[in-house]
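What follows is each chain in one-letter form.
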Amino acid sequence: MAQGIHLDRANFCCSICLDLLKDPVTFSCGHNYCMVCITDHLDTQDDRRIYTCPQCRQKFMQRPAVVKNNMLAFVVGELMKIETPAIAPPPPSSPDFDDDHSSDQTEHVACDFCEEKAIKSCLQCMVSYCVEHLRPHFEVAPLQKHKLVEASAQLQENICPRHQEVMKLFCRTDQQCICYLCSKDTHKGHNKVSTAAERVERQRELQVTRQNIRKTIQDKEKDAKWFQQEEDTINRYAEAALRNNENTYKELMHIIEKSVAEVKEKVTSRQETEVRWYKKVREKLEQDVAELKRKDEEMKKFSHTEDHTRFLIKYPTLASLNESTDPPPVKARRVGYFEKVSMALSEAKVNLRVIVGEEYAKVSMTVTGVITSNTKEEPFTRADFLHYACQVTLDPNTANTHLKISGNDKMVAFVSDEQKYPLHPERFVYCWQLLSKGSLDGRSYWEVELSGTGAFVAVVYKDISRLGGFTESMFGYNDKSWALDCYKNTCTFRHDNVRTRIPGMWSSRVGVYLDPDAGVLSFYSVSETRTLLHRVQTKFTQPLYAGLWLSDGASAEVCRIR
């Protein structure tokens, strides 16, 4: 049994004096205290006529009676018998304190009776002792009740400067340590508790403060990690933009060398500016983390000091936190600039090819008198696109039974219940898609408004399989279709089961420009302006039809272009 008690020694300590219970008594709420400690605690509350338990804070309108706990007194007595008196016994721990007992005492304190190094200070004697002179405190019964703490040179701070008495009380009204005479004089009628009881309360506050610091550390470390990732992302996109710049203009380098150098300089300058900004914020966050860790470590050491008065005197300065006055950094994605550079370069490549083609046609016409069909200028302004606008109408005979057509065959939506369409050889059986009624003759432009999770906007040969498997029938998964996969405002181009990712977030309205004779197919994001998403240069061998594929819950509308 003794061994079990020894292992649970902390459970038999008074939460006021933090020592083994002496004459243990029990409150009605079930908590146990030394008779002297709880009596002093209740005396400080006589003026208010409201009494509380120091641990659970339960309130009593009348002074509660305390009952001696004979069983607990016996157990504590047995525990004291088996404990070997030591010169420097480890201090008992409070359930509210940390489990680690690292001390904050690093100073050299001399014994008040000799020149040896002191190992303990007595809060009753107000004297520091070496090993030899401390021995009476373990051998003489009255001295054994004195409170011993780590040797400290600041014992004088525990003395009331007015009455030269030990300050064992804390005035909550004036927030200061006082002695017994002060409590009956200038602090009469104030809310007073023992320093040990106030220590318990402030220790809880200190733990909350440390928790807040640790949370702040975690948040700042998370932010620093995010900024590091943004730095890497900026570098990655910047490097991609530079590579795209080099590759795009490689074919025309002999006439645009100056442009390449200017673009490279601007991207690099922007890269350095952006990285410098993120690095500056990240380094500031890392400095904050280091300072908070140092503060937390200092608090951790300070939380284990056994000198209650010193703890309370130093607590306001140590517990205060200097929060940063700077506003939190805005987590804005700054890679869009580099994405736009890549998109601008892609469009420039198309335009340059058109220009080069036109100039080549002039030379060819001079030589042969023939203008090739690939030299037709592509639309650029809104008026140009409107010139080629066509009326696309959806064909119910091709619609999968989970697609419901409405709005004069201009709108289509995915539905769970199968539609009762008549049998037709043109109908897609397994894929949720459909085609337009007529083929797209000549240069054509149309727009589709999408809603829901995902949809494909496609251009398709009419002989694409209706009954085949996924790769034979699905738009973009075979050589008979070209599809823009739109998923949550992101886009991917698909053809012959090859995916081409299009970076960035885009509008839900998609514009499609087709020139079958020139072999040009372009997809645009349409908002206030048109942004080229992807351009195909190929040779079309069959008539082409507009196509739509819808995911579960999606819908699409062929827009009326004005």
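For every chain, the first residue of its written sequence is number 1, and the numbers climb from 1 along that sequence. The model is predicted, so local features are restricted to residues of pLDDT at least 70 and side-chain atom pairs to those at 80 or more, both for listing and for counting; the totals for chains, interfaces and linings are taken over all residues. Based on all heavy atoms of the structure, the side-chain values leave hydrogens and waters out of the count.

Student: Talk me through the overall build of the chain; I want residue IDs and the actual numbers.
Tutor: Elements are defined by DSSP. Helices are runs of H or I of four residues or more, strands are runs of E of two residues or more, and each kind is numbered from the N terminus. When its secondary structure is counted, the chain shows 13 helices and 24 strands. Think of it in three bands: with a 1.4 Å probe and only protein chains considered, a residue is buried below 20% of the maximum accessible area for its type, exposed above 50%, and partly exposed in between. For the chain, with 562 residues in total, the buried portion stands at 44%. Long-range contacts, defined as pairs at least 24 residues apart, comprise 61% of the intrachain contacts of the chain with a sequence gap of at least 6. Note on contacts: a residue pair qualifies if any of its non-hydrogen atoms lie within 4.5 Å across the two residues.

Student: How would you explain unusual backbone geometry if you had to name every residue and give the values?
Tutor: In the Ramachandran plot, N408 falls in the positive-phi region, its phi being about 55° despite a non-glycine side chain. Positive phi is not limited to glycine here, since D496 has a value of about 55°. Position of D496 among the secondary structure elements: in the loop between strand 18 (490–495) and strand 19 (498–502).

Student: Break down the nonpolar core for me, with residues and values.
Tutor: Formed by 39 residues in total, the largest nonpolar core has its most connected members in V412, W446 and L521. Aside from chain neighbours lying at most four places away, what touches L521 is V459, W482, V512, Y513, L514, H534, R535, V536 and F540. For this analysis, a nonpolar core means a set of buried residues of the types Ala, Val, Leu, Ile, Met, Phe, Trp, Tyr and Cys, connected via side-chain atoms within 4.5 Å. C160, L169, I178 and A197 belong to the second-largest nonpolar core, a separate cluster that totals 23 residues.

Student: Can you explain the pattern of salt bridges? Please cite residues and give values.
Tutor: Salt-bridge detection follows one rule: a side-chain nitrogen of Lys or Arg within 4 Å of a carboxyl oxygen of Asp or Glu. For the structure shown, the criterion picks out 26 salt bridges. Between K120 and E150 there is a salt bridge, with the nearest N and O atoms lying 3.6 Å from each other. Of this pair, K120 sits in strand 6 (residues 120–122) while E150 sits in strand 8 (residues 148–150); the two residues are 30 residues apart in sequence, bridging distant segments of the chain. By relative accessible area, E150 is classed as partly exposed at 30%. In this structure, the salt-bridge partner of D219 is K215, at a minimum N-O distance of 3.1 Å. Here D219 and its partner K215 are both found in helix 8 (residues 195–248), four residues apart, which amounts to about one turn of the helix. Accessibility expressed as a relative area gives 49% for K215, which makes it partly exposed. One network of salt bridges, with partners in common, ties together R172, E198, R202 and E205.

Student: How would you explain the environment of G504 if you had to name every residue and give the values?
Tutor: Assignment of secondary structure puts G504 in the loop between strand 19 and strand 20 (509–515). Along the primary structure G504 and N489 are separated by 15 residues, whereas in three dimensions their C-alpha atoms are 8.6 Å apart.

Student: Account for the pairing of strand 15 (residues 444–451), with residues named and values stated.
Tutor: Within a regular strand, the side chains alternate between the two sheet faces. For strand 15, the tally of buried residues reaches six of eight residues, placing the bulk of the element in the interior. Two strands are said to pair when DSSP picks up at least two bridges between them. Summarising the sheet, strand 15 and strand 20 pair through six bridges and their orientation is antiparallel. Within strand 20, the position partnered with S444 by the bridge is L514. Alignment of strand 15 against strand 24 (residues 555–558), held across four bridges, turns out to be antiparallel. Bridge assignment links L450 to a residue of strand 24, and that residue is A556.

Student: Any chance you could break down the pairing of strand 12 (residues 403–406) for me, citing the residues and the numbers?
Tutor: Here strand 12 shows a clear split, with L403 and I405 buried on one side and none of K404 and S406 buried on the other. Pairing geometry for strand 12 and strand 13 (residues 411–414), over four bridges, is antiparallel. Bridge pairing links I405 to V412 in strand 13. In textbook terms, the turn of a hairpin is the stretch between consecutive antiparallel strands, and for strand 12 and strand 13 this stretch comprises four residues, one of which, G407, has a positive phi near 60°.

Student: Tell me about the sheet that holds strand 7 (residues 127–129), and please be specific about residues and values.
Tutor: Read from one edge of the open sheet, three strands run 7-6-8, paired in antiparallel fashion. Of all strands in the sheet, those with a lone pairing partner are strand 7 and strand 8, marking the two edges. Here the average twist between neighbouring strands, direction ignored, is 35°. Axis angles are defined between N-to-C directions and span 0 to 180 degrees, where every axis is a line fitted to C-alpha atoms and, for a helix, only to the segment in contact.

Student: Explain the confidence of the model for the chain to me, using residue names and the numbers behind them.
Tutor: Averaged over every residue, the pLDDT of the chain is 81; residues scoring 70 or more account for 84%. Model confidence for the chain, summarised as mean pLDDT per element, is weakest for helix 1 (residues 2–7) at 45 and strongest for strand 23 (residues 544–550) at 97. Scored from 0 to 100, pLDDT reflects the predictor's confidence in each residue. In the model, residues 365–375 has pLDDT below 50 throughout and makes 13 contacts with residues more than four positions away in sequence or in other chains.

Student: Provide a residue-level description of helix 2 (residues 35–43), including the pertinent values.
Tutor: Where helix 2 is concerned, the buried positions are C37, I38, H41 and L42. For helix 2, the angular spread of buried residues about the axis comes to 125°, placing them on one side. It is the directions from the helix axis to the C-beta atoms that the arc portrays.

Student: Break down a nonpolar patch on the surface for me, citing the residues and quoting the values.
Tutor: A cluster of nonpolar side chains, namely V429, Y430 and L467, defines an oily patch on the protein surface of about 350 Å² accessible area. Checked against the element boundaries, V429 lands in the loop between strand 13 and strand 14 (433–435). Within this analysis, patches are made of residues with over 30% relative accessible area and no salt bridge. Like charges are joined at 9 Å or less; nonpolar side chains (Val, Leu, Ile, Met, Phe, Trp, Tyr) at 5 Å or less. In this description, accessible areas are obtained by the Shrake-Rupley approach with a 1.4 Å probe, and a residue is regarded as covered only by the protein chains that are shown.

Student: I'd like a description of the packing of aromatic side chains, backed by residues and values.
Tutor: Note on aromatic pairs: each is described by the distance of the centres and the angle between the planes. Each Phe, Tyr or Trp ring, with Trp reduced to its six-membered ring, pairs with another whose centre is within 6.5 Å; inter-plane angles below 30 degrees give stacked pairs, above 60 give edge-to-face pairs, and intermediate values give tilted ones. In the structure shown here, the tally under the stated rule is 22 aromatic pairs. Ring centres of F27 and Y33 lie 5.8 Å apart, and the angle between their planes is 75°; this geometry places the pair in the edge-to-face category. By relative accessible area, which is 0% here, Y33 ends up buried. Where F227 meets Y278, the ring centres are 5.5 Å apart and the plane angle is 50°; that geometry is what we call tilted. Taken together, the positions of F227 in helix 8 and Y278 in helix 9 (residues 253–302) put the pair 51 residues apart, joining distant regions of the chain. Across this residue pair, the class does not change: F227 and Y278 are buried. By way of ring pairs, the aromatic residues F385, Y388, Y445, Y513 and Y524 are connected into one cluster. The aromatic ring of F311 is capped on one face by R199, whose charged end is 4.2 Å from the ring centroid. Its end group placed over the ring of F428, R466 keeps NZ or CZ at 4.7 Å from the ring centre. Only Lys NZ and Arg CZ are tested; either one counts as a charge over a ring when it is within 6 Å of the ring centre and within 35 degrees of the ring normal.

Student: So what's going on with the sheet that holds strand 9 (residues 169–171)? Residues and values would help.
Tutor: On the basis of which strands lie adjacent, the open sheet formed by three strands has the order 10-9-11 and antiparallel pairing. The sheet terminates laterally at strand 10 (176–178) and strand 11 (192–194), the two strands that pair on one side only. For this sheet, the mean angle separating the axes of adjacent strands, direction not counted, is 35°. Pairing analysis gives three bridges linking strand 9 to strand 11, with the strands arranged antiparallel.

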